[in-house]
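# Results of the structural survey
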Amino acid sequence: MRLGVLDIGSNTGHLLVVDAHGGAAPLPASSHKQPLRLAEHLDDEGAVTAKGIAALTDFCASATEIAEDKGCQEMLGFATSAVRDAVNSHEVLAHVAEHSGVTLEVLSGEDEARLTFLAVRRWFGWSAGRLVLFDIGGGSLEIAGGTDEAPDVAWSLPLGAARMARMWFGGDRPSDDDIRELRKQIRAEIARDAGHLLRPGVPDKAAATSKTFRSLARICGAAPSGDGPLVPRVLELETLSGWIPKLMELAPDELAALPGVSPSRTHQIVPGALVAEACMDIFDLSELEICPWALREGVILERLDQISVITRLR
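The following paragraphs examine the structure supplied in this document.

About the thresholds
- Residues numbered from 1 in each chain as written.
- Predicted model: local features only at pLDDT ≥ 70, side-chain atom pairs only at ≥ 80, totals over all residues.
- Heavy atoms only, no water.
- Helix = DSSP H or I, 4+ residues; strand = E, 2+ residues; numbered from the N terminus.
- Rg over C-alpha atoms; globule rule 2.2 N^0.38 Å.
- Contact = heavy atoms within 4.5 Å.
- Lys, Arg positive; Asp, Glu negative; His and termini not counted.
- Charge placed at Lys NZ, Arg CZ, Asp CG, Glu CD.
- Core = buried A, V, L, I, M, F, W, Y, C linked by side-chain atoms within 4.5 Å.
- Buried < 20%, exposed > 50% of the residue type's maximum accessible area, 1.4 Å probe, protein only.
- Pairing = 2+ DSSP bridges.
- Polar contact = N/O pair within 3.5 Å; in protein donor to acceptor, adjacent residues only side chain to side chain.

## Comments concerning the overall build of the protein chain
For the protein chain, the helix and strand inventory stands at 12 helices and 11 strands. Scaling as 2.2 N^0.38, a compact globule of 314 residues should have a C-alpha radius of gyration of about 20 Å, and the protein chain matches this with 19 Å. Over its C-alpha atoms, taken along the principal directions, the protein chain stretches across nearly 60 × 45 × 35 Å. Pairs at least 24 residues apart make up 69% of the contacts formed inside the protein chain by residues separated by at least 6 positions. If you average the places of the 30 positive and of the 45 negative side-chain charges in the protein chain, the two averages end up 3 Å apart.

So this is what it looks like as structure tokens:
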């Protein structure tokens, strides 16, 4: 069947059209994305602004037209932390539904981590053994780990790259003291519940997904996306730690010139790098393998599993 997956993230709205059936990997057929930057379209009270709501609604309406043109039988629409954490979340969802016809499901942070873990588990397979996962989004950081397809532990922290950029990098470059304080806060937030992941022991495979991790891996020497998804890509802690002081000194246009960095995300690179470094350091991981599958694929796979169960029951 052909599915449309509408992913409303904190940075980007992304419609992915896939041909999918049980027992096979989802095959991308079409992709449409647009920068929404919802995590940065927040007022002082934490509400999505009228401009942000309008941009989101327009994107959902256009995505619906594209999905219909591409022959999608079903649309799966979901939103993550930017909408989830907004104080006017219900107003945002109601406006989108009324003016675009799209009903968005707001995923909890735990569900976001769980579904991303499912996708990464399916990608690497059972031979990965005990798997741990890190996903830096625009608004939140997801962490999960376990030996099965459902993680034993999964949680979400408000440490997304766009959120950190808005809070700490909104004006002039932060001072060294500000960077030290940000680094301290990030590490304290991650370390607070680190025992959930550390108690079972050293993982057999440590993986990461998301645009932020892919960009950092590319900066640190990983293969370009043009080489295809099957090429192994790794982010090494030692290399990343060496790059962070350099990244802090670069101007936005210099950051945009780095491999794998989108011009619209240059302001997120340093906070994203600080979060990535903290994850690897606190959990004593010398490297993370980059997985090309993430939350969207997890949503698709779970839906296919549900369809298979319904079909069998019939």
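That shown, we press on.
## Comments concerning the nonpolar core
Nonpolar side chains in soluble globular proteins tend to end up buried together. Core analysis: the biggest nonpolar cluster contains 48 residues, and Phe134 and Ile190 have the highest contact counts within it. Take this core: its biggest share by element is nine residues, from helix H11 (residues 266-282). Counting 23 residues, the second largest nonpolar core, distinct from the first, contains Leu15, Val48, Ala86 and Leu104.

## What about unusual backbone geometry?
The backbone of Arg37 sits at a positive phi, close to 50°, despite the residue not being glycine. Within the element layout of this structure, Arg37 appears in the loop between strand S3 (27-35) and helix H1 (50-69).

## Points about the sheet that holds strand S5 (residues 105-106)
Adjacent strands of a sheet pair through backbone hydrogen bonds, lying either parallel or antiparallel. The strand order S3-S2-S1-S4-S5 describes an open sheet built from five strands, whose pairing is mixed. Strand pairing shows two members of the sheet lacking a second neighbour, S3 and S5, which therefore form its edges. Of the pairings in the sheet, the one linking strand S2 (residues 12-19) to S3 comprises eight bridges and is antiparallel in character. Bridge pairing in S3 places Gly13 opposite Gln34.

## Regarding the environment of Ser89
When you line up the elements, Ser89 lands in helix H3 (residues 89-100). Put simply, Ser89 and Val106 are 17 residues apart on the chain and 9.1 Å apart in space, counted from C-alpha to C-alpha. A polar contact of 3.1 Å, which involves the side chain of Ser89, links it to the backbone oxygen of Val83.

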